[in-house]
Amino acid sequence: MACAVTCPVWHCFGINKKPRFRVRAERLDGNDLSVVSTDGVSVKETTVPVVVGRGYLVDGGNGSLKSRIEKKMGGEELELLWDDGYGTNTVKDYVDAAKDMIKPDGGPPRWFCPVECGRPIKDSPLLLFLPGLDGVGMGLILHHKPLGKVFEVQCLHIPVHDRTPFEGLVTLVEETVRLEHASRLNCPIYLVGDSLGGCLALAVAARNPSIDLVMILVNPATSLGRSRLQPFLPILEAFPDGLHVRTIPFLLSLVIGEPLKMAEVGVEGSLLPKQKIERISSNLTALLPFYCGLADILPTETLIWKLKLIKSASAYANSRLHAVKAEVLVLASDKDHLFPSGEEALRLKKLLPNCMIRIFKDNGHTLLMEDSMNLLTVIKGTCKYRRSKSHDFTKDFLPPSMSEYRYTFNNVDIFCPWNCRFLNFASCSSLFSTMENGKIVKGLAGVPDEGPVLLVGNHMLLGMDLSSLCEAFLREKKILVRGVAHPELFWGNFHTSSNVFNFFDLMKVMGAMPVSPKSLLKALSTNSHVLLYPGGAREALHRKGEAYKLFWPNQPEFVRFAAQFGATIVPFGAVGEDDMAKVVFDYYDYMKIPMLNDRIKELIRSGGVQIRDKAKGEVASQEIFIPGIIPKIPGRFYYLFGKPIKLKGREDLVENRESANEVYLQAKAEVERCIGYLLKKREEDPLRSIINRLIYRTFHAPLHQVPSFNP
């Protein structure tokens, strides 16, 4: 029987109180609703895509299904250091949005698209957000703006008084996933499941193993059996609702995350301590409505229902983990007071065949609304963003945003050995380049602005030279240097065994890609500035007495690749590692210890990703191990970019190996010349010592303007 009901549709589903238009929802058959404008305005033409009804499918005729939401047109491609808007929204915005959305409207669960997500770039995949206990669907509010640039974001809203069982929610999401999959067969669908939503995502994935899903599970409720909620479930089921009054405040306290981490959202790490404390104190005060409003978002009857819902959801998902074949990223908080999320992440990693985890040590249960967690950055850093069946490091690369740049180079955690800000402060890099007439100048003026450009140079100890070099190109020339890194960081045991979001994840955010002919060719084909260390890991993890020694292979392959695209090769030298650290225990020393000898060989044989297995000479040996070092009083890093070698019009080098080898030796000799020049000239630098630099900076210029020797 057909029926109709008229309801207002607000901006961003109930956040603006002034209605933009009205719609009439007509029931056609079953649970589907047809949306018709009552004010002469077509819903499909509005900039506010809103879905009314259980599910968001309508009968398309002949048994087919079609989407009720018209696909948003792709926006422009992202620029380097684009404004992602992360930090502009806070928990206060969540409270303001939730106040209107929790008002009873008698409707079932439904999808909505936050207007502030805007238009995504072309060919953006779909991201479905499945909320946690609150059910509001605004749990991604801190991440709407960055995610909205690269995803078509849709969020599930479960009204406060809705009592749809877990199986009904699974059916709703499953229908949506199947519909979208039918319209975009070669594109993945992302399911971001928070807490209860994590169980929902796993259930849908288990029932649809053939659909290409990428699941991001945030503190999933699959660990209910080991949580602090478990003792209360029998009580909630056995006693009348009136006897639950005393348990409700305690249960609500478990749902609340870490207040301090919530207050730190939007507070820049580069602020002075006094300014930072003032901002955090102000944000803590603004959080008070969140705690007061939590009882309205989760009233007693709803909270009890949601806890019972979690019990069935956890049992349902756990019983079907064996059927999950999708790509999974688990984000877990180590201070989650509701679930043992850290332990659960490790358990899921063992049970799911394609699972990666990242643990956040200082965050609570509401991870998505706390600081230190830009969801888009984590997705990019774990190489989970893709627009086709497999991840492509060139086509799927998203340039770093301004907030990611600040996080990478302004992070003040000095206890991290690869901390970019601390290392840049200690090394105070001085950069020089060579003009076409051979003149050496301060800065990067001698490096071409237009690509493709291939930067080739020597790797300093532990790759300490990377952050200073990349930051200088971003700051001075607004150019992102895409570095090629050891495959172990992307596919090996090092990549899979790292459980925290770290420096190597940030390297991928800032453009790192695995070293391979395919990666190099693709990057050059896009006119990029590519950074290549021919000596690779052997050079970065060198032995005692091998500082500034080149370990380049015999084949001139990078010259042939550069010639194929008419690229310009810029050789460069870098010195300063001996001013920062001293190698006291190297690979040869390890091998002299009988207990470690066999163990190290076994690790190298079975655990590492082998490269250059066809190379000859010393560089072919991949028996490398991280050396033991001791820090020194910091000196300074120096870089000299030699005279560019232009290969435009030299396509003959692709086939003529002899001529390519001449260019190769020319580039290698230029790198050695640059190293020798810097080793000599740095003795003339009056500010080589960190003490002298600190005194100078007290009264003079910022870090990147500290003078050096005259070239």
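Note that this is a predicted model, so its numbers are computed, not measured.

The rules behind these values
Residues numbered from 1 in each chain as written. Predicted model: local features only at pLDDT ≥ 70, side-chain atom pairs only at ≥ 80, totals over all residues. Heavy atoms only, no water. Helix = DSSP H or I, 4+ residues; strand = E, 2+ residues; numbered from the N terminus. Buried < 20%, exposed > 50% of the residue type's maximum accessible area, 1.4 Å probe, protein only. Contact = heavy atoms within 4.5 Å. Areas by Shrake-Rupley, 256 points an atom, 1.4 Å probe, with all protein chains shown as cover. Phe/Tyr/Trp six-rings, centres within 6.5 Å; stacked < 30°, edge-to-face > 60°. Right-handed = clockwise from strand over helix to strand, strands pointing away. Pairing = 2+ DSSP bridges. Axes fitted to C-alpha atoms, helices over the stretch in contact; angles between N-to-C directions. Parallel < 35°, antiparallel > 145°, perpendicular 65-115°, else oblique. Nonpolar A, V, L, I, M, F, W, Y, C, P; charged D, E, K, R; others polar. Patch = residues over 30% accessible without salt bridge, like charges linked within 9 Å, V, L, I, M, F, W, Y side chains within 5 Å. Salt bridge = Lys/Arg side-chain N within 4 Å of Asp/Glu carboxyl O. 1 Å grid on protein atoms, 1.4 Å probe; cavity = no way out; pocket = protein on both sides within 12 Å on 5 of 7 lines; lining within 4 Å. Points joined across faces, edges and corners; volume = space filled by probe spheres on them. Core = buried A, V, L, I, M, F, W, Y, C linked by side-chain atoms within 4.5 Å. Expected span 1.5 Å × (residues − 1). Polar contact = N/O pair within 3.5 Å; in protein donor to acceptor, adjacent residues only side chain to side chain. pLDDT = per-residue confidence, 0-100.

**Here's the deal with the overall build of the protein chain**
(1) Moving on: Scanning the protein chain from terminus to terminus reveals 24 helices and 23 strands.
(2) Moving on: When burial is assessed residue by residue, the protein chain has 58% of its 711 residues classed as buried.
(3) Moving on: In the protein chain, once contacts between residues fewer than 6 apart in sequence are set aside, the share between residues at least 24 apart is 79%.
(4) Moving on: For the protein chain, the exposed area adds up to about 30,500 Å²; of that, 56% sits on carbon and sulfur atoms.

**A short note on the packing of aromatic side chains**
The geometry of an aromatic ring pair is captured by two quantities: the separation of the ring centres and the angle between the planes.
(1) Moving on: Taken as a whole and judged by the stated rule, the model has 15 aromatic pairs.
(2) Moving on: Ring geometry for Phe-393 versus Phe-490: centroids 5.2 Å apart, planes at 85 degrees, classification edge-to-face. Of this pair, Phe-393 sits in the loop between α12 (375-381) and α13 (402-409) while Phe-490 sits in the loop between β16 (481-485) and α16 (493-497), and the two are 97 residues apart along the sequence. Take Phe-393 and Phe-490: they sit in the same class, and that class is buried.
(3) Moving on: Aromatic pair Phe-432 and Phe-709: ring centres 4.6 Å apart, planes at 15 degrees, arrangement stacked. Of this pair, Phe-432 sits in strand β13 (residues 430-434) while Phe-709 sits in the segment after α24 (690-699), and the two are 277 residues apart along the sequence.
(4) Moving on: Of the residues examined, Phe-432 reaches a relative accessible area of 0% and is grouped as buried.
(5) Moving on: In this structure Phe-709 comes out as buried when scored by relative accessible area, which is 4%.

**Looking at the pairing of strand β7 (residues 126-130)**
(1) Moving on: Taking burial as the measure, the five residues of β7 include five buried ones, the bulk of the element.
(2) Moving on: By the alternation rule, side chains of β7 split into Leu-126, Leu-128 and Leu-130 and Leu-127 and Phe-129, which are all buried.
(3) Moving on: Each parallel crossover has a hand, and the one from β7 via helix α2 (residues 144-150) to strand β8 (residues 152-157) is right-handed.
(4) Moving on: Summarising the sheet, β7 and strand β9 (residues 189-194) pair through five bridges and their orientation is parallel.

**A look at the packing of helix α14 (residues 420-427) against helix α15 (residues 466-477)**
(1) Moving on: For the pair α14 and α15, the least separation of the axes is 9 Å and the interaxial angle reads 90 degrees. When the interaxial angle is binned, α14 and α15 end up roughly perpendicular. Listed contacts from α15 to Cys-420, Leu-423, Asn-424 and Ser-427 of α14 are Ser-467, Ser-468 and Glu-471.
(2) Moving on: When the residues that make up the contact of α14 with α15 are grouped by side-chain class, the tally is two nonpolar, four polar and one charged.

**A look at the pairing of strand β15 (residues 453-457)**
(1) Moving on: Summarising burial for β15: five of the five residues are buried, a large majority.
(2) Moving on: Of the two faces of β15, the one holding Val-453, Leu-455 and Gly-457 and the one holding Leu-454 and Val-456 are both buried throughout.
(3) Moving on: In this sheet, strand β18 (residues 529-532) lies alongside β15 in parallel orientation, the contact comprising four bridges. Bridging across to β18, Val-453 finds its partner in His-529.

**Section: a nonpolar patch on the surface**
(1) Moving on: A grouping of Val-584, Phe-585 and Ile-630 is seen on the molecular surface, where their side chains present a nonpolar patch of about 220 Å² in accessible area.
(2) Moving on: Relative to the helices and strands, Val-584 is located in strand β20 (residues 581-585).
(3) Moving on: A relative accessible area of 37% means that Val-584 is categorised as partly exposed.

**A look at empty space enclosed by the protein**
(1) Moving on: All told, the structure shown has eight cavities of 30 Å³ or more when counted by the stated rule.
(2) Moving on: The volume enclosed by the second largest cavity comes to roughly 120 Å³.

**Digging into the nonpolar core**
(1) Moving on: Within the largest apolar cluster, 101 residues are counted, with the highest numbers of intra-cluster contacts made by Phe-151, Met-215, Leu-331 and Leu-375.
(2) Moving on: When residues in this core are grouped by element, the largest group, nine residues, is from helix α4 (residues 196-207).
(3) Moving on: Non-local contacts of Leu-331, meaning those with residues more than four positions away in its chain, are made with Ile-216, Leu-217, Val-218, Asn-219, Arg-358, Phe-360, Leu-367, Met-373, Leu-375 and Val-378.

**Comments concerning the sheet that holds β7**
(1) Moving on: Pairing in this open sheet of seven strands is mixed, and the strands run β6-β8-β7-β9-β10-β11-β12 from one edge to the other. Lying at the two open borders of the sheet, with one neighbouring strand each, are β6 (110-112) and β12 (355-360). If you compare each strand with its neighbour and ignore which way they point, the axes differ by 20 degrees on average.
(2) Moving on: Looking at chain direction, β7 and β8 are connected through four bridges and run parallel. Note that in β8 the partner of Leu-126 across the bridge is Glu-152.
(3) Moving on: Contacting β11 (327-333) and β12, helix α11 (residues 341-351) crosses the sheet at an angle of about 160 degrees to β11.

**Concerning the pattern of salt bridges**
(1) Moving on: With the rule as written, the count across this model stands at 32 salt bridges.
(2) Moving on: Between Asp-449 and Lys-477 there is a salt bridge; the shortest N-O distance is 2.5 Å. Residue Asp-449 is located in the loop between β14 (440-442) and β15, and its partner Lys-477 is located in helix α15; the two are separated by 28 residues in the primary sequence.
(3) Moving on: Taken together, the shared-partner salt bridges in this structure form one network comprising Asp-578, Asp-579, Arg-682, Glu-683 and Arg-688.

**Re α4**
(1) Moving on: Compared with the 16 Å implied by 1.5 Å per residue over twelve residues, the 17 Å span of α4 between its first and last C-alpha is a close match.
(2) Moving on: Within α4, eleven of the twelve residues are buried, leaving the element largely enclosed by the surrounding structure.
(3) Moving on: By the burial criterion, the buried members of α4 are Leu-196, Gly-197, Gly-198, Cys-199, Leu-200, Ala-201, Leu-202, Ala-203, Val-204, Ala-205 and Ala-206.
(4) Moving on: Residues of α4 that are buried in the fold lie against β7, β8, α3 (166-183), β9, β10 (213-218) and α10 (300-318).

**Considerations on the side chain of Asp-162**
(1) Moving on: Take Asp-162: it is sitting in the loop between β8 and α3.
(2) Moving on: Relative accessible area serves as the criterion here: at 10%, Asp-162 is assigned to the buried category.
(3) Moving on: Among the polar contacts listed, one links the side chain of Asp-162 to the side chain of Thr-164, at a separation of 2.7 Å.
(4) Moving on: Leave out the neighbours within four places in its chain, and Asp-162 touches Pro-108, Pro-109 and Trp-305.

**As for α10**
(1) Moving on: For α10, built from 19 residues, the straight-helix expectation of 27 Å at 1.5 Å per residue is met to within 8% by its first-to-last C-alpha distance of 27 Å.
(2) Moving on: Of all the residues in α10, the buried ones are Thr-302, Leu-303, Ile-304, Lys-306, Leu-307, Leu-309, Ile-310, Ala-313, Ser-314, Tyr-316 and Ala-317.

**Focus on the confidence of the model for the protein chain**
(1) Moving on: Summary statistics for the protein chain give a mean pLDDT of 80 and a share of 76% for residues scoring 70 or more.
(2) Moving on: Across residues 1-73 the pLDDT falls below 50, and counting only partners more than four positions away or on other chains, this stretch makes 142 contacts in the model.
(3) Moving on: Taken as a whole, residues 412-418 scores under 50 in pLDDT and shows eight contacts with residues more than four places along the chain or in a different chain.

**Overview of the environment of Gly-118**
(1) Moving on: Mapping Gly-118 onto the fold places it in the loop between β6 and β7.
(2) Moving on: Gly-118 gets classed as partly exposed once you look at its relative accessible area, which sits at 32%.
(3) Moving on: Along the sequence, Gly-118 and Leu-147 sit 29 residues apart, while their C-alpha atoms lie 9.5 Å from each other.

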